[in-house]
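Breakdown of the fold
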Amino acid sequence: MITPETTTSPPTLESVLLDAWNMFHPGQPAPLGWLTHTSAQIHAHLDNQHTPPQAQPPADTYALAHFRREVWRSLREAASTHDIDADAADRVLSALDLPALPRRWQVRLTLSVLLEVTATRREDAFDAAEAAVETALTAAEVGARFEWDGSERDGADPGDVDPTTDEPAELA
C-alpha cells in the first residue's frame, strides 16, 4: 500500500536554534531566556535588513507609443517599396494589435439606378441619366472613373409627357 506523503511545514527559527544548542552543548539546558532573546534578535535583524519588493515602475507609455508608431511606419514603408508583402505586413500588425495599413482599392460596382429624366428619345434618356449620375458623383469628389457601356442600357420606359419643359429651340 502506498502511503501519501505527509506535508511537513518548515522548521521554526526557535526549533533550529534549540537543535543548534543541543548539538554544541549536548545534555545541557539552554540558558534561561536565551532562546526567546536570540529568536527576537534574529527576527529584528531580518526585519530591518529586508527590503520590501519594489513596485514595478509604470511602463514608459511614451516609449511604448513611440515603438508602436515606428513599427507601423516601418512596415508601411517596407510594404510600399515591396520589401514585404502587404498582406504579411498586415498580419504582423494584427499580431501586435496595431491598425492595418491603408491600401488603394479599385472597386467595380454594377448598380441598378432608377432615374427619372426628361428626353424625347430613348437614347437621349440614357445620355441624360448617365450625365446626371456622372455630375452627382463628380460633385461628391469620389474620384470615380466612368466606363459607360451602351450594351448595359437595359431599360428605359416612356412615361407621361412632361408639361414643364421649355419649348425646343427649333420651334422658335
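I will try to describe carefully the structure that is included in this document. As the structure is a prediction and not an experimental result, all values here were calculated from the model.

Okay, a nonpolar patch on the surface next. Together, Trp105, Val107, Leu109, Leu111, Val113, Leu115 and Val117 make up an exposed nonpolar region whose accessible area comes to about 780 Å². Here leucine 111 is to be found in the loop between α4 (86-95) and α5 (122-139).

Within the element layout of this structure, serine 39 appears in helix α2 (residues 34-49). Polar side-chain contacts of serine 39 include one of 2.9 Å to the backbone oxygen of leucine 35. Residue contacts for serine 39: discarding those within four places in its chain leaves Leu13, Glu14 and Leu17.

Moving on, we come to the pattern of salt bridges. In a structure, side chains of opposite charge can pair up when their charged atoms sit close to one another. Using the criterion set out here, one finds 4 salt bridges in the structure. Taking the shortest distance from any N to any O, the salt bridge between arginine 103 and aspartate 90 comes out at 3.8 Å. Within this pair, whereas arginine 103 is found in the loop between α4 and α5, its partner aspartate 90 is found in helix α4, the two being separated by 13 residues in sequence. For arginine 103, a relative accessible area of 35% gives the class partly exposed. When its relative accessible area of 17% is taken as the criterion, aspartate 90 is described as buried. Residues arginine 121 and aspartate 124 are paired through a salt bridge, measuring 2.9 Å at the closest nitrogen-oxygen approach. On the accessibility criterion, arginine 121 (52% relative accessible area) is exposed. The partly exposed category is assigned to aspartate 124, whose relative accessible area is 25%. Shared partners join several salt bridges into a network, and the residues in it are Asp87, Asp90 and Arg103.

Here we come to the nonpolar core. Formed by Val71, Trp72, Leu75, Ala79, Ala86, Ala89, Leu93, Leu98 and Leu101, the largest nonpolar core amounts to 9 residues. Breaking this core down by element, the ones donating at least two residues are α3 (61-80) and α4. If one sorts the elements of this core by residue count, α3 sits on top with 4 residues. Not counting the four nearest positions on each side in its chain, leucine 101 is found in contact with Trp72, Leu75, Arg76, Ala79, Ala89, Asp90 and Leu93.

Another aspect to go through is α3. A rise of 1.5 Å per residue sets the reference length of α3, with its 20 residues, at 28 Å; its end C-alpha atoms lie 28 Å apart and thus fit the reference within 8%. Taken as a whole, α3 has its buried residues at Val71, Trp72, Leu75, Ala78 and Ala79. End-on view of α3: buried residues confined to an arc of 135 degrees, all on one side of the axis. The secondary structure elements touched by the buried residues of α3 are α4.

Before going further, it helps to spend a moment on the packing of α3 against α4. Two elements in contact, α3 and α4, have axes whose closest approach is 9 Å; the angle formed by their N-to-C orientations is 170 degrees. Considered as vectors, α3 and α4 are oriented roughly antiparallel to each other. Taking contact as the criterion, the partners of Val71, Trp72, Leu75 and Ala79 in α3 are, on α4, Ala86, Ala89, Val92 and Leu93.

What follows covers the packing of aromatic side chains. Following the criterion strictly, the structure yields 1 aromatic pair and no others. Centroid distance tryptophan 21 to tryptophan 34: 5.1 Å. Interplanar angle 45 degrees. Geometry classified as tilted. Of this pair, tryptophan 21 sits in helix α1 (residues 13-24) while tryptophan 34 is found in helix α2, placing the two residues 13 residues apart along the sequence.

Time to look at the packing of α1 against α2. Running from N to C, α1 and α2 point in directions that differ by 125 degrees, and their axes come no closer than 10 Å. Classed by the angle they form, the pair α1 and α2 counts as oblique. Once α1 is placed against α2, the crossing between them reads as right-handed. Between α1 and α2, the residues in contact are Leu13, Glu14, Leu17, Leu18 and Trp21 and Trp34, Leu35, Thr38, Ser39, Ile42 and His43, respectively. Its residues assigned to classes, the contact of α1 with α2 comprises 7 nonpolar, 3 polar and 1 charged.

The rules we used
Residues numbered from 1 in each chain as written. Predicted model: local features only at pLDDT ≥ 70, side-chain atom pairs only at ≥ 80, totals over all residues. Heavy atoms only, no water. Patch = residues over 30% accessible without salt bridge, like charges linked within 9 Å, V, L, I, M, F, W, Y side chains within 5 Å. Areas by Shrake-Rupley, 256 points an atom, 1.4 Å probe, with all protein chains shown as cover. Salt bridge = Lys/Arg side-chain N within 4 Å of Asp/Glu carboxyl O. Helix = DSSP H or I, 4+ residues; strand = E, 2+ residues; numbered from the N terminus. Polar contact = N/O pair within 3.5 Å; in protein donor to acceptor, adjacent residues only side chain to side chain. Contact = heavy atoms within 4.5 Å. Buried < 20%, exposed > 50% of the residue type's maximum accessible area, 1.4 Å probe, protein only. Core = buried A, V, L, I, M, F, W, Y, C linked by side-chain atoms within 4.5 Å. Expected span 1.5 Å × (residues − 1). Arc of directions from axis to C-beta. Axes fitted to C-alpha atoms, helices over the stretch in contact; angles between N-to-C directions. Parallel < 35°, antiparallel > 145°, perpendicular 65-115°, else oblique. Phe/Tyr/Trp six-rings, centres within 6.5 Å; stacked < 30°, edge-to-face > 60°. Left-handed = near helix turned anticlockwise from the far one by under 90°. Nonpolar A, V, L, I, M, F, W, Y, C, P; charged D, E, K, R; others polar.

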